[in-house]
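Fold and geometry: a report
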Amino acid sequence: MQYFPPALEQLVEQFAKLPGVGRKSAQRLAFHVLSLSEEETSAFATVGLSVGISGAAGPLSKIVLILNMFLGRVGLLSLALALAMKSGGKKEVLPSGRILIG
């Protein structure tokens, strides 16, 4: 069994609670989060913290940060479900009828 610091172990446990994520995948996700820059992690978590490099970033970097903020706000699972769902072609049928008044 591998030993991880308590904070990393808590992060792995939280990732492992997600549906379809096992312990090994949770460890990979935790290490990926640790490898991200502080600016990118803050954007994904939508906490609003900045180390001041956003203003000096190039246009492509700003687009990546914006996408991270959007994905963090919407959530990966919600976005994946929205993209995977088909419109289905079902049309809403409004009720019709004659209403007598008086």
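Data block above holds the structure.
We now turn to the structure provided with this report. (Residues numbered from 1 in each chain as written. Predicted model: local features only at pLDDT ≥ 70, side-chain atom pairs only at ≥ 80, totals over all residues. Heavy atoms only, no water.)

On to the packing of helix 1 (residues 6–16) against helix 2 (residues 23–35), then. Orientation of helix 1 relative to helix 2, taken along the N-to-C sense of each, is 125°, at an axis distance of 8 Å. With respect to helix 2, the element helix 1 is oriented oblique. When the axes of helix 1 and helix 2 are compared, the crossing they make is right-handed. Here helix 1 contributes L8, E9, L11, V12, F15 and A16 to the contact with helix 2, which in turn contributes R23, A26, Q27, L29, A30, F31, V33 and L34. In terms of residue class, the contact of helix 1 with helix 2 is built from 11 nonpolar, one polar and two charged. (Axes fitted to C-alpha atoms, helices over the stretch in contact; angles between N-to-C directions. Helix = DSSP H or I, 4+ residues; strand = E, 2+ residues; numbered from the N terminus. Parallel < 35°, antiparallel > 145°, perpendicular 65-115°, else oblique. Left-handed = near helix turned anticlockwise from the far one by under 90°. Contact = heavy atoms within 4.5 Å. Nonpolar A, V, L, I, M, F, W, Y, C, P; charged D, E, K, R; others polar.)

For the rest of this paragraph, the subject is helix 2. Counting along an α-helix, one turn takes 3.6 residues, and residues three or four places apart therefore face a common direction. The terminal C-alpha atoms of helix 2, which comprises 13 residues, lie 19 Å apart, in line with the 18 Å expected from a rise of 1.5 Å per residue. Residues of helix 2 that are buried include every one of A26, Q27 and A30, and no others. Along the axis of helix 2, the buried positions cluster into a sector of 100°, meaning they face one direction only. In helix 2, the exposed positions angled more than 90 degrees off the buried face are occupied by R28 and S35. Lining the buried residues of helix 2 we find helix 1. (Expected span 1.5 Å × (residues − 1). Buried < 20%, exposed > 50% of the residue type's maximum accessible area, 1.4 Å probe, protein only. Arc of directions from axis to C-beta.)

Listed in full, the seven residues of the largest apolar core are F4, L8, V12, F15, V21, A26 and A30. Broken down by secondary-structure element, the contributors of at least two residues to this core are helix 1 and helix 2. The greatest single-element share of this core, amounting to three residues, is contributed by helix 1. (Core = buried A, V, L, I, M, F, W, Y, C linked by side-chain atoms within 4.5 Å.)

For Q27, the position within the fold is in helix 2. With a relative accessible area of 11%, Q27 lands in the buried category. Q27 has contacts with Q2, F4 and V12, leaving out every residue within four places of it along the chain.

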